[in-house]
Amino acid sequence: MPEMIVETPEEVIAFLKAQHDLIEDMFDQVLLASDPQAREKPFIELRQLLAVHETAEEMFVHPRARREVESGDAIVDSLLQEEHSAKEQLSKIESLDITSEEFIDELTKLREAVLAHAEHEELEEFEKLQSDMNAEELKRLGTAVKLAEAIAPTRPHAGVESAKLNFAVGPFASMLDRARDLIKQAVS
């Protein structure tokens, strides 16, 4: 898998917002590819970034928001529903012919949902975390998120949206996903 971790900045909110920007750019790269065959590599990279990004948020950011933010449970529950839906959409898209119009249509719908989700996170969760945590805490949380992304599954796993499930199932899913990725590269 290509290096998908945004190397800057160190504090968690700026890091995740930078990834949101990167995700938007990657959607555009896939959707605007001049040759339908040229969509495959950027789509795989997008899928991987979405998977590791959401896993890290589910493992560290959302649990912290539940503890630190007023109405944190309601905010996180809503975000987790969006993430579950996006994972299901992404799994469906993976089974489509990448050169088809249906692929473009479904990926466009996913893009809209993911960007709306990112906006919800930034306004409802990130701003509140940023105001409730000091700079050192934000930096430590950024480190935890980066480490989680380094070992996270590279494919969507709908139904694994809690920190507990990500810690229990994540390492096994990650190992299987990374093996599938290597096998697919070897036969391509």
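Calculation rules
- Residues numbered from 1 in each chain as written.
- Predicted model: local features only at pLDDT ≥ 70, side-chain atom pairs only at ≥ 80, totals over all residues.
- Heavy atoms only, no water.
- Phe/Tyr/Trp six-rings, centres within 6.5 Å; stacked < 30°, edge-to-face > 60°.
- Helix = DSSP H or I, 4+ residues; strand = E, 2+ residues; numbered from the N terminus.
- Axes fitted to C-alpha atoms, helices over the stretch in contact; angles between N-to-C directions.
- Parallel < 35°, antiparallel > 145°, perpendicular 65-115°, else oblique.
- Nonpolar A, V, L, I, M, F, W, Y, C, P; charged D, E, K, R; others polar.
- Salt bridge = Lys/Arg side-chain N within 4 Å of Asp/Glu carboxyl O.
- Buried < 20%, exposed > 50% of the residue type's maximum accessible area, 1.4 Å probe, protein only.

A. Region of the structure containing the packing of aromatic side chains. Counted according to the given criterion, the structure contains one aromatic pair. For the ring pair F43 and F103, a centre distance of 5.2 Å and an interplane angle of 80° mean the geometry is edge-to-face. Here F43, found in helix α2 (residues 40–68), pairs with F103, found in helix α4 (residues 101–132); they are 60 residues apart in sequence, far enough to count as distant.

B. Region of the structure containing the packing of helix α1 (residues 12–31) against α4. Where α1 meets α4, the closest approach of the two axes is 10 Å, and the angle between their N-to-C directions is 170°. In this view, α1 runs roughly antiparallel relative to α4, as classed from their interaxial angle. In the contact of α1 with α4, the residues fall into 15 nonpolar, three polar and six charged.

C. The pattern of salt bridges, seen in detail. Tallied over the full model, the rule gives 13 salt bridges. For E24, the salt bridge identified is with R111, shortest N-O distance 3.5 Å. Of the two residues, E24 sits in helix α1 while R111 sits in helix α4, which places them 87 residues apart along the sequence. Overall, the relative accessible area of 31% leaves E24 in the partly exposed class. Of the charged contacts in the structure, one is a salt bridge between K41 and E45, with a shortest N-O distance of 3.0 Å. You can see K41 and its partner E45 sitting in helix α2, four residues apart, about one turn around the helix. Given a relative accessible area of 16%, E45 falls into the buried group. Because the salt bridges share partners, they merge into one network encompassing E24, D28 and R111.

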